[in-house]
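The residues making up each chain are set out below.
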Amino acid sequence: MATTEPSSDKAARYSGTTRKDTLNRWLTRSGPLLALLAMCLILSLVSPFFFTTDNITNITRQTAFVALLAIGQTFVILTGGIDLSVAAIAALSACVAAVLMTQPIELFGIGLGPFPPVLAMLIGVLVGVMAGAFNGIIIARFGVPDFIVTLGTMTILRGLALLVTGGFPVPSFRAGPDAVPLPDFLIWAGTGSIFGIPVAALIALLVMAIAWWVLRYTAFGRATFAVGGNRQAARIAGIKVGQTKVLVYAVSGLCAAIAGIVMVGRLSSANALMGEGDELRSIASVVVGGTHLFGGQGGVVGSVIGALIIGVLGNGLNLLDVSPFWQRIAQGAVIILVVVLDYWRRSDSQK
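Each residue is numbered by its place in its chain's sequence as written, counting from 1. Given that this is a predicted model, residues contribute local features only at a pLDDT of at least 70 and side-chain atom pairs are listed and counted only at 80 or more, while totals for whole chains, interfaces and linings are drawn from all residues. By convention in this description, side-chain values take in all heavy atoms of the structure and omit both hydrogens and water.

Student: Quick question: what am I supposed to make of helix 8 (residues 219-229) here?
Tutor: In an α-helix, one turn spans 3.6 residues; hence positions three or four apart end up facing the same way. Each residue is placed in one exposure class: buried if its accessible area under a 1.4 Å probe, protein chains only, is under 20% of its type's maximum, exposed if it is over 50%, and partly exposed if it falls in between. Numbered from the N terminus, helices here are DSSP runs of H or I no shorter than four residues, and strands are runs of E no shorter than two. Inspection of helix 8 places Phe-220, Gly-221, Ala-223, Thr-224, Val-227 and Gly-228 among the buried residues, and these make up the whole buried set. One face of helix 8 carries all of its buried residues, which in axial projection span an arc of 160°. Residues of helix 8 that are exposed and angled more than 90 degrees away from the buried face: Ala-219 and Gly-229. The contact rule is simple, with two residues in contact once any of their heavy atoms fall within 4.5 Å. Of the surrounding secondary structure, the elements contacted by the buried residues of helix 8 are helix 2 (53-78), helix 7 (199-217), helix 9 (231-236) and helix 10 (241-267). Here the arc refers to the set of directions running from the helix axis out to each C-beta atom.

Have a look at this one:
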């Protein structure tokens, strides 16, 4: 004779599962923000210089570049991919834009003066989008792992940036007599402020808002989550998985190009090696911000918070006069800890 589970036990079991799921969702959404606030509180207690206007402004301005890379990286990771070429795309886009707007060039034997700054920046952004789309096409068309493709293009793009600049910063002392300086508005975009808020940070927030809307309210955003959640089910549902992969890499290239141009304004120059190592920081920001490394769950807001966490950690360690060698160890340990906790939480929720 079959026995029935007492209604009280059944209710408790379902209630417990619901509480666990609710807690997991709450930790995913609020955990990175709580970690950022806790870190700021601790650093403000141990260093009197942390919560000063100049230091907070410095953190947000420095973090804007990685945050922009992380926003594009989020789209890629949500589909279960990874993009190691974002910093190289940023460097190439920045170098192309800087050369076009400051140096006279020769095209098919015809000498051209420096391009108008806006046109030069649009061409730089287009280069970034094309580089990102190229990654997506190779991955989708030939089924090569994302890691391998973007590792290869990272090296290729750095080489192209070196060819574009001749290995020198732009503008440089080798510039010809017809060269012009970078436009003032570009320098302002990298170093200026509006009501005390760095313009670079405002650009990152604007890009984040647009990306959040795209992921939440468009068919492309829903396809991005679906491909990362279950690629086979997404394909059965009629989603063009290959096309989605190309588009997310194009978005990543777009965000990287914007980041590169903002960095030119901040540094007042462009060079082929700018942003080296920031591709890893962008990935770390996305993971620390709560996006699952295997795709399907996460968002750009968490990625920006993750970039702030890494930026605040580095800034705080500098204020405490911690050796740069130990800073690398601390940042790596934090990333590993967050990934382990995320993996443990997901594994526990699936039991």
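Student: Quick question: what am I supposed to make of the side chain of Ser-269 here?
Tutor: Turning to its location among the elements, Ser-269 is positioned in the loop between helix 10 and helix 11 (278-288). When sequence neighbours within four positions are dropped, the list of residues in contact with Ser-269 reads Val-170, Pro-171, Leu-182, Met-263 and Val-264.

Student: I keep staring at the nonpolar core and nothing clicks. Help me out?
Tutor: Generally speaking, a soluble globular protein has its nonpolar side chains buried in company with each other. In this description, a nonpolar core means a group of buried Ala, Val, Leu, Ile, Met, Phe, Trp, Tyr and Cys residues linked to one another through side-chain atoms lying within 4.5 Å. Counting 62 residues, the largest nonpolar core has Ile-71 and Phe-75 as the members making the most contacts within it. Residue assignment for this core shows that the elements contributing at least two residues are helix 2, helix 3 (86-102), helix 4 (117-142), helix 5 (146-165), helix 7, helix 10 and helix 12 (300-319). No other element matches helix 3, which puts 14 residues into this core. When sequence neighbours within four positions are dropped, the list of residues in contact with Ile-71 reads Ala-204, Val-207, Met-208, Ala-211, Cys-255, Val-300 and Val-304. Leu-43, Ile-59, Leu-313 and Leu-317 belong to the second largest nonpolar core, which has 12 residues in total.

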